[in-house]
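Geometric and topological summary
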Amino acid sequence: MKYIFIDCALGISGDMLASALIDLGVPHSILLSNLASLNIDKNFNLEFNKGDSEGIQGIICIKTEVKFKEIFRSFNDVKNLLLDSSLNEYVKKKSIRVFEILAEAEAIVHGKEISDVHFHELGTIDSILDVVNVCSAIDFLNLDNIYFSNPPAGKGIVSTSHGPLPVPVPTVLEIARQKQIPLMAIDDKYFGEITTPTGIALIATFADKFGQPDNMKIKKIGIGLGSKNISRPNFLRVLLLEVDDDYKEKNNKPVCETIISQEAWIDDSTPEDIAILIERLRAAGAIDVVSYSVDMKKNRKGICIKSLVYPKYQKLLREVWFNYSTTIGIREKIISRWILPRRTVIHKTKFGEVNVKEIMRPNGLNSIKIEHKDLTKITLNTGIPIEELRQKLFIELSEFYELDDWLN
């Protein structure tokens with residue numbers, strides 16, 4: 001099993017990540033060929049050179065171009081540019097997804113529809129190339145999992161095409177909110193942007209997990225340098241890791257984790273209000289929310305609502321309880337739960353794409369569950385009864401899962 005840990009504790013941008021992946025061993029030719037694949041007809045030159053940042057050696061991306069007035073591209077402009085290119089399908093799909101995440105955030109920030117969003121700095125050839133380069137490098141590495149450290153928030157004010165904006169800029173904050181990416185405060189004397197919109201959109205696209213992996217069998221390290229001189233080391237590092245046999249055995253077993261249970265009994269809200277509260281709790285990061293009827297004091301009928309949440313979202317959910325429900329108190333307790341290793345994989349079937357959750361049992365066998373929302377979509381489109389559809393998909397997927405072993 002091969003995976004990488006992207007340590008972006010000091011900051012992340014598209015060119016820093018691309019440079020780190022080059023230093024990790026991705027051939028220069030793959031990234032340089034993207035210029036031709038994108039049909040860029042401008043005199044644009046791309047180089048990855050050795051350099052250092054306050055004594056830290058690494059690779060820095062140098063871009064030179066003939067000065068010209070960049071046009072403002074919409075999301076559809078960028079999407080069509082990528083679709084019309086000769087990039088492979090994986091790189092096209094992932095690159096478009098990065099810009100889709102950016103467009104969704106920009107639309108909310110500016111109060112527009114996605115179709116009306118026009119990128120400014122984010123729509124330049126420079127930014128498009130950074131995204132495509134990272135997607136191409138990750139495609140080349142053929143990874144099983146990608147871990148990210150929590151990106152730093154930064155501080156200060158930056159100049160943009162919209163004028164001066166506080167750091168983190170609104171697009172970065174919106175992506176962090178939508179994708180539940182924790183931003184980290186660091187003790188830094190530098191005032192300025194260190195997590196860029198492109199950087200956090202790449203995190204949102206590729207992150208399988210956050211935090212340092214438990215097992216760190218390091219094969220190689222790649223260092224990508226930032227272009228800013230900020231009077232302290234300015235770099236991002238990527239660690240290429242492998243899981244050894246001992247860890248594979250351990251990873252085949254249930255894992256114990258600590259979560260928080262929050263609970264309130266409510267007898268003065270309508271069912272419609274309760275439904276909205278449950279949706280808010282889920283949107284704020286609850287693992288799950290359940291509700292059921294209870295008999296309360298004075299023989300009143302009420303609703304017991306329980307939410308399970310990871311400790312890092314515990315405070316956020318409290319805010320939801322107290323701001324969006326009629327309760328004046330909640331009960332909390334720390335609980336342990338045992339979970340089996342699992343992953344979600346997208347499969348192309350004759351009925352279309354479906355998301356499949358795969359679970360590894362302690363006896364080494366795998367079990368699968370097809371996402372119900374995908375089954376619902378297909379059954380509505382085809383008219384095939386959902387149980388018949390489920391059986392057909394199980395038969396189609398069975399050959400793959402008989403041979404699959406994600407720990408290898």
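Notes on the structure follow. Per-chain numbering applies: the sequence of each chain, read as written, is numbered from 1 onward. Residues qualify for local features only when their pLDDT is at least 70, as the model is predicted, and side-chain atom pairs are given and counted only at 80 or more; totals for whole chains, interfaces and linings, by contrast, use all residues. As a rule here, side-chain values cover all heavy atoms of the structure and leave hydrogens and water aside.

The next point concerns the sheet that holds strand 17 (residues 352-360). Across the sheet, which stays open at both edges, the 3 strands sit in the order 16-17-18 with antiparallel pairing between neighbours. Each edge of the open sheet is held by one strand with a lone partner, namely strand 16 (342-349) and strand 18 (366-370). On average, adjacent strands in this sheet sit at an angle of 30 degrees to one another, irrespective of strand direction. Pairing between strand 17 and strand 18: 5 bridges, direction antiparallel. Bridge pairing in strand 18 links I359 to S367. Across the face of the sheet, helix 11 (residues 372-382) comes into contact with strand 17 and strand 18 while running at roughly 150 degrees to strand 17. Two strands qualify as a pair provided DSSP detects at least 2 bridges between them. For helices the rule is a DSSP run of H or I covering at least 4 residues; for strands it is a run of E covering at least 2, with both sets numbered from the N terminus onward. For every element, the axis is a line fit to its C-alpha atoms; helices are fit only across the contacting stretch, and the angle between N-to-C directions ranges from 0 to 180 degrees. The contact criterion used is simple: two residues touch if any of their non-hydrogen atoms lie within 4.5 Å.

A word on the side chain of S307. You can see S307 is positioned in strand 14 (residues 301-309). Think of it in three bands: residues with accessible area under 20% of the maximum for their type are buried, residues over 50% are exposed, and the middle band is partly exposed, with areas taken using a 1.4 Å probe on protein chains only. Judged by relative accessible area, S307 falls into the buried class, the value being 0%. Beyond its immediate stretch of four places on either side in the chain, S307 contacts I260, S261, Q262, A286, D288, V289, L317 and W321.

Residue position: I278 is located in helix 9 (residues 271-283). C-alpha separation for the pair I278 and S19, spaced 259 residues apart in sequence, amounts to 44 Å.

We now examine the pattern of salt bridges. Oppositely charged side chains can pair when the atoms bearing their charge come close. Salt bridges are defined by distance alone: a side-chain nitrogen of Lys or Arg within 4 Å of a carboxyl oxygen of Asp or Glu. Counting across every chain of the model gives 18 salt bridges. E332 serves as the salt-bridge partner of R318, at 2.8 Å between the closest nitrogen and oxygen. With R318 in helix 10 (residues 314-324) and E332 in strand 15 (residues 331-339), this pair connects stretches of sequence that are 14 residues apart. With relative accessibility at 30%, the residue R318 sits in the partly exposed group.

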